[in-house]
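Chain by chain, the residues:
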Amino acid sequence: AAGVIQSPRHLIKEKRETATLKCYPIPRHDTVYWYQQGPGQDPQFLISFYEKMQSDKGSIPDRFSAQQFSDYHSELNMSSLELGDSALYFCASSIRQGSSSYEQYFGPGTRLTVT
Amino acid sequence: AQSVSQHNHHVILSEAASLELGCNYSYGGTVNLFWYVQYPGQHLQLLLKYFSGDPLVKGIKGFEAEFIKSKFSFNLRKPSVQWSDTAEYFCAVNGRDGGATNKLIFGTGTLLAVQP
């Protein structure tokens, strides 16, 4: 079965640079979530989109922005990168259909290292 | 405030030992409960979930969990662990309030090491 695809899988950037992470949800899934997992920490919710509209916002820095496109893929744009942004960034998708709305399928993550 | 707490941060077991990982949550409203597993270097995989109905749910790889509403708990169990169960286990919750978001709130994780 098709899974959530994230690219790139690894990314190394320097401080103050920008980065763009991409997420391709499972086909027919209309909702995308972004989570950040710092070293040794639990995943923290950043932002979510449903039908190309932002549906919720968590602890996402103002330096970050995201959007969902007409094909439902999503991009997380990160600017003025800081050392503390080094983390694993997960994307998850779900389909808003009854109880399936509550279940999220995670991608493999993008490991961002800021030097 | 919404939160999930996992009591054990590190657990070391021998193969064939029984496992129980504790999870308690604080959430206003009806909840959905999940256990995810993260093998070294891999992404989060769903072990099992509870939405409603029978509070004892069975998941993949022989894992099960019991929802005890009065205790706000959703403990994960496995009668006999294997070396391949070495991983980090996350308890998570989201709400059934029909709101616009179903963001997951995760516990801090339990690192399980199974010794052969």
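Placed above this text is the structure.
Engineer: It is not clear to me how the overall build of chain A should be interpreted in this structure. Could you clarify?
Structural biologist: Of the regular secondary structure elements, chain A holds 0 helices and 11 strands. Ordered by position from the N terminus, the helices and strands of chain A form the series β-β-β-β-β-β-β-β-β-β-β. Against the globule reference of 13 Å for 115 residues, chain A gives a C-alpha radius of gyration of 13 Å, in line with a compact fold. Projected onto its principal axes, the C-alpha positions of chain A cover 45 × 25 × 25 Å. Of all 115 residues assigned to chain A, the portion counted as buried reaches 50%. Put simply, of all contacts in chain A between residues at least 6 apart along the chain, 53% involve residues at least 24 apart. Accessible area of chain A: about 5,500 Å², with a carbon and sulfur share of 47%. Mean positive and mean negative side-chain charge positions of chain A (11 and 12 charges, respectively) differ by 3 Å.

Engineer: Is there a simple way to think about the nonpolar core in this case?
Structural biologist: For soluble globular proteins, the rule of thumb is that nonpolar side chains tend to be buried together. Counting residues in hydrophobic clusters, the biggest one holds 30 residues, and the most contacted among them are B:Trp35, B:Leu48, B:Phe74, B:Leu76 and B:Tyr89. Those residues in contact with B:Leu48 that sit more than four places away from it in its chain are B:Leu33, B:Phe34, B:Trp35, B:Val57, B:Lys58, B:Gly59, B:Phe63, B:Glu64, B:Ala65, B:Phe74 and B:Leu76.

Engineer: Just to check I follow, could you spell out the interface of chain A and chain B for this structure?
Structural biologist: Interfaces are often sized by the accessible area lost when the parts come together. Taken together, the 21 residues of chain A in the interface contact 21 residues of chain B. Summed over both sides, the interface of chain A with chain B buries roughly 1,800 Å², with 54% coming from carbon and sulfur. Area buried by chain A at its contact with chain B is led by A:Tyr102, A:Glu103 and A:Phe106, which between them contribute 35% of it. Applying the counting criterion to the chain A and chain B interface returns 2 salt bridges. Run the count over chain A and chain B and you get 5 residue pairs in polar contact (both at pLDDT 80 or more).

Engineer: Which parts of the structure should I look at to understand the packing of aromatic side chains?
Structural biologist: The relation between two aromatic rings is expressed through the spacing of the ring centres and the mutual angle of the planes. Tallying each qualifying case throughout the model produces 17 aromatic pairs over all chains. The interplanar angle of 80° and the centroid separation of 5.2 Å between the aromatic rings of A:Phe106 and B:Tyr36 together place this pair among those described as edge-to-face. A residue pair is termed interchain when its members come from two chains, as with A:Phe106 in strand E10 (residues 105-106) and B:Tyr36 in strand E5 (residues 31-38). Residue class for B:Tyr36 comes out buried when judged on its relative accessible area of 1%.

Engineer: What exactly am I supposed to notice about the pattern of salt bridges here?
Structural biologist: Once the charged atoms of two side chains with opposite charge are near each other, the side chains can pair. Following the criterion strictly, the structure yields 9 salt bridges over all chains and no others. In this structure, A:Glu75 engages A:Lys22 in a salt bridge whose closest nitrogen and oxygen atoms are separated by 3.9 Å. Residue A:Glu75 is found in strand E8 (residues 74-78), and its partner A:Lys22 is found in strand E3 (residues 19-24); the two are separated by 53 residues along the sequence. A:Glu75 sits in the buried class, given a relative accessible area of 14%. Look at A:Lys22 and you get partly exposed, because its relative accessible area is 30%. The partner of A:Glu103 in a salt bridge is B:Lys49, and the shortest N-O contact between them spans 2.4 Å. Placement of the pair is A:Glu103 in the loop between strand E9 (87-94) and E10 and B:Lys49 in strand E6 (residues 44-50), with the two residues belonging to separate chains.

Engineer: Sorry if this is basic, but what is going on with the sheet that holds E3(A) here?
Structural biologist: As a general point, the strands of a sheet are linked pairwise by backbone hydrogen bonds and lie either parallel or antiparallel. Residues and elements named next belong to chain A. Taken in spatial order, the 4 strands make up an open sheet running E1-E3-E8-E7, and their pairing is antiparallel. Only two strands of the sheet have a single neighbouring strand rather than two, namely strand E1 (5-7) and strand E7 (64-68). Neighbour-to-neighbour, the strand axes of this sheet turn through a mean angle of 15°, independent of strand direction. Both E3 and E8 contribute to a ladder of 5 bridges, which runs antiparallel. From the neighbouring strand, Thr20 faces E8, where its bridge partner is Asn77.

Engineer: Would you mind showing me how to read the state of the cysteines here?
Structural biologist: All names here are of chain A. By the definition in use, this model includes 2 disulfides over all chains. Paired through a disulfide, Cys23 and Cys91 show a sulfur-sulfur distance of 1.7 Å. A torsion of -55° about the S-S bond marks the disulfide between Cys23 and Cys91 as left-handed. Linking Cys23 in strand E3 with Cys91 in strand E9, this pair joins segments that are 68 residues apart in sequence. Accessibility classification places Cys23 together with Cys91 in one group, the buried group.

Cut-off values and rules
- Residues numbered from 1 in each chain as written.
- Chains lettered and ligands numbered in written order.
- Predicted model: local features only at pLDDT ≥ 70, side-chain atom pairs only at ≥ 80, totals over all residues.
- Heavy atoms only, no water.
- Helix = DSSP H or I, 4+ residues; strand = E, 2+ residues; numbered from the N terminus.
- Rg over C-alpha atoms; globule rule 2.2 N^0.38 Å.
- Buried < 20%, exposed > 50% of the residue type's maximum accessible area, 1.4 Å probe, protein only.
- Contact = heavy atoms within 4.5 Å.
- Areas by Shrake-Rupley, 256 points an atom, 1.4 Å probe, with all protein chains shown as cover.
- Lys, Arg positive; Asp, Glu negative; His and termini not counted.
- Charge placed at Lys NZ, Arg CZ, Asp CG, Glu CD.
- Core = buried A, V, L, I, M, F, W, Y, C linked by side-chain atoms within 4.5 Å.
- Buried area = accessible area lost by both parts, 1.4 Å probe.
- Salt bridge = Lys/Arg side-chain N within 4 Å of Asp/Glu carboxyl O.
- Polar contact = N/O pair within 3.5 Å; in protein donor to acceptor, adjacent residues only side chain to side chain.
- Phe/Tyr/Trp six-rings, centres within 6.5 Å; stacked < 30°, edge-to-face > 60°.
- Pairing = 2+ DSSP bridges.
- Axes fitted to C-alpha atoms, helices over the stretch in contact; angles between N-to-C directions.
- Disulfide = S-S within 2.5 Å.

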